[in-house]
Structure formats: structure tokens, C-alpha cells
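Spelled out, the chains give:
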Amino acid sequence: MADPRPLAPSSCDCFVSLPPASAAREVIFGKNSDRPKDEVQEVVYFPAATHAKGAKVQCTYIEVDQAERTHAVILSRPAWLWGAEMGANEHGVCIGNEGVWTKEPVGEEEALLGMDLVRLGLERGSNAHKALQVITTLLERHGQGGPCKEEPTPFVYHNTFLLADRTEAWVLETAGRFWAAQRIREGACNISNQLSIDTDITAEHLDLRAHARRQGWWNGEGEFSFTKVFSLVHQPVRMEAAKARYCAGQQLLRQHSGQITSGTIMAILRDKASGICVESEGFATTGSMVSVLPQDAHLPCVHFFTATPDPSRSVFKPFVFVPDITPFHQVQAPRFGDKDPIKERPRFQSRVDRRHELYRRRQFALEALDSHQAERQKIQECLQGLEQQALETVKDLLAGSHTLKSQELADLFFDCVNAELRFYK
């Protein structure tokens, strides 16, 4: 069995703000994906599709039954796998996941990754609650497991999720095939690599409490706290670090309560003092996402992705679901077919270069400017201006003071990526 408490640091942070914490009638979702430092994260779009009855879909490790219809999705994902760290669908549903370790043992047996469940929930759920039901049904049926890093040494964890749509959010926390969920109707909340659902449980696995009693973790008396019952008795050091980030995230949300905008969440994701923006020897923030979900259904949802590491030095680029999205191959990793190390057995015995064009060009530019701080600062200021211009465009779009044609919206993410690329020449 894989070591459930690896020495390598690991971390992610998800945030959501609903009115009255949001400055406007908007739900705002954000996530930092903190992964192995050299792992490439790509941004990919899949249009809505219909599938034959009885068809199967190959996830990262296992096949599951395909839905007859899947929604259009945009995903930010480690380039080696099928699922996603975070993403959104055409109905304004956003989902992010986090690794967690509980009293339920983790194993190396290949099943669904938490990242597979993120994509499956987005492809099949037309609102946050339906996406949650998709995830929990598949979790109970197939379980979760398998290597979560592109390395031969197993690194395995279970998952917590933050789901949001235009009207509400859900925190979903799992331990093996067991789970508990909490509905969030107002205010702001965050999750950070630890269990956080106490006694306020909105929905749960039908056998959750009976299982806890059989294991001797709960005596059946008093209120049932998912966190107290399923958390490890002796928390490893990295879980204490997660607790510190969780508290820092809560404090930052409280500090801005009533005034939270997409810019607020971007600033929180860039906060290095709190540890929310990670830059360590083993792990780093490899991709970031912020979404604005207006409660007015006539307004479009807008989803910002960096597609590059370290949000403090990256540009959040906007995407809007419209027909005929312009492909953005500049942030999509190369494909290796049957020669991909994930498809060969045993898995992950070799490495391939998964860097996409934006990743490579940005990396080369930053390395070349390491000894030219003035020039590097100049480029950073230009990139910040590019992002601010996009934020102002989105703000005007959502305020109704500015309109964009359908083709302009279809080109939006592609154009922003190209504009960023020009700064790295």
C-alpha cells in the first residue's frame, strides 16, 4: 500500500464568494492548483456532445459508462491525465478538488482519480447539486484511487471538492467511497487539504454513520461531526501547514467581505505570505482559475485561467462559452499516443516534454531575464496592464455598458493568449 502521508509537500486552495460577501450579485469561484513543480498544466475545451447508448468513456485509469449527453467544458488539468484540477461547464458550474488524507486507507489500486470526478461532474451536471450527485454516485460505484503524480513512486490521496453555480455552492468531502456534503447559500468559504465539514451536514453517504460505528470511530451518541470522526488522530506536518493556509484564507475572505470581486480572489491566489501561492522545492502553484457567475441568468459567466505556473507572475485570461469557440492550441500540450508513459506498462517509467507553447515561451523569457531585473519588471508591468484591460472589458460586459459580438467572445481566450505570447518574443 502506498504511504498515505508522503514527505513531499502538497497543497491546493479553493475559494467561493456569494452575496452578501460578493460586491455584486455574483458568485465568484477561485482555485490554485498546487502540484509537482515541473508538472505542466494545460487548458482544454471540449464542446457538448451526444454519445451512443451503452458507450464507455476511458478516464485516466478505468472505463466508466458514458452519459448520453455531455456538456461543453473548459478544463485546467495536468497534461498527462484525462480529468481536471478545476474547470467550468456551459451552465455556469465550477468545480475544484483538493487532496486529503483521512482514517480511510488510500491504496494503489487504479480507480477514478478525484480529477476524473471533477471532469465527470462538469460534463454531466447542469447545476452544482446535480454535479455533486454525479460525483458521489460514481464514487460509490467505482471508488477512488491510483497514482496522482506522473512518477513511478505511488502518490495517492482522497479528495475534497468545492462546487459552485450561479445560486449556491457545495463543499463535498470524501473518505474512500464515503462522503459528506454541505450546502453554502451565502457568504464566503474556502477549503485547503483538510476536512472542514463539522456537524452541519446537508447530505451524506447512506452508510456513513453506520460505517463509522463499525470502525469504532464514533459511538453513535451526540452530534456527528464528519471532521472529528474521519480526520487522522495524528496529523502529519503538511496537514498542519494546510490548516495554517485554511485559516489565512478565511481571514483574507473576512477582510474583504461585502467587497469581494474577481480581482479580490486573484489577489488572494497570488498571496505568497499566507502560503496560498506556493513556491517550494517540490510543489508549486502550476495553474490558477477564477470564475464570475452572475446571478442574473441573462449575463454570461466568465472564467479566467492562467495556463502557466505562479499566478503572481501570470496573466488571468478570460473565457466565455459561446458557439464555435476558436481553438487555443497555444496552451495545449503535445500528445504522445501509445508511447505516452501513462499508457505503457508499468506506468511512468520515462518522462516526456509536455510543455505547451505558452509555457515554453514564458519559461525561456523569464530565464533569459533572470539577470535583467529592470527589463523583467517592465514586462511584468505590461502583462499586468494586459490583464487589467481584460478585467475592465469583462466588468463592462457584465454591467451591460459594453457588448461583444459572438465571434469576439469566441476569440476572446485565444486572443488573450496570443497577446501574452507577444511579450515573450
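Residues numbered from 1 in each chain as written. Predicted model: local features only at pLDDT ≥ 70, side-chain atom pairs only at ≥ 80, totals over all residues. Heavy atoms only, no water.

K.L.:
Give a detailed account of the pairing of strand E1 (residues 11-18), specifying residues and quantitative values.
P.N.:
In regular strands, side chains alternate between the two faces of the sheet. Where burial is concerned, most of E1 is hidden: eight out of the eight residues are buried. Along E1, one buried face is formed by Ser11, Asp13, Phe15 and Ser17 and the opposite face, lined by Cys12, Cys14, Val16 and Leu18, is buried too. Here seven bridges tie E1 to strand E2 (residues 26-36), and the two strands are oriented antiparallel to one another. By the bridge assignment for E2, Ser11 is matched with Asp34. Here E1 runs beside strand E14 (residues 187-191); their pairing, made up of five bridges, is antiparallel. Across the sheet, the residue bridging to Phe15 is Asn190, located in E14. (Buried < 20%, exposed > 50% of the residue type's maximum accessible area, 1.4 Å probe, protein only. Helix = DSSP H or I, 4+ residues; strand = E, 2+ residues; numbered from the N terminus. Pairing = 2+ DSSP bridges.)

K.L.:
Describe the packing of aromatic side chains, and please don't skip the residues or the numbers.
P.N.:
Going through the model one piece at a time under the given rule, you end up with 14 aromatic pairs. Here Tyr45 and Phe321 contribute two aromatic rings whose centre-to-centre distance is 6.3 Å and whose plane-to-plane angle is 50 degrees, an arrangement assigned as tilted. One end of the pair, Tyr45, is in strand E3 (residues 41-46); the other, Phe321, is in the loop between strand E18 (317-319) and helix H7 (357-368), and 276 residues separate them in sequence. Taking relative accessible area as the criterion, Phe321 reaches 18% and is therefore assigned buried. In this structure an aromatic cluster arises from ring pairing among Tyr45, Phe319, Phe321, Phe328 and Phe413. Positioned above the aromatic ring of Phe46, the side-chain terminus of Arg119 is 4.2 Å from the ring centre. Seen from the ring of Trp82, Arg119 lies directly overhead, with NZ or CZ sitting 4.0 Å from the centre. (Phe/Tyr/Trp six-rings, centres within 6.5 Å; stacked < 30°, edge-to-face > 60°. Lys NZ or Arg CZ within 6 Å of the ring centre and 35° of its normal.)

K.L.:
Kindly report on the environment of Ser312, identifying the contributing residues and their values.
P.N.:
Following the sequence through the fold, Ser312 ends up in the loop between strand E17 (302-305) and E18. C-alpha separation for the pair Ser312 and Glu186, spaced 126 residues apart in sequence, amounts to 29 Å. Polar side-chain contacts of Ser312 include one of 2.5 Å to the side chain of Asp310. (Polar contact = N/O pair within 3.5 Å; in protein donor to acceptor, adjacent residues only side chain to side chain.)

K.L.:
Lay out unusual backbone geometry with the relevant residues and their values.
P.N.:
Glycine aside, the phi torsion of most residues is negative, and most peptide linkages are trans. Backbone torsion omega between Pro19 and Pro20 reads 10 degrees, so that peptide bond is classified as cis. When you line up the elements, Pro20 lands in the loop between E1 and E2. With a phi angle near 50 degrees, Asn193 is a residue other than glycine that sits in the positive phi range. The phi dihedral of Phe348 falls on the positive side, at around 60 degrees, and the residue is not glycine. When you line up the elements, Phe348 lands in the loop between E18 and H7.

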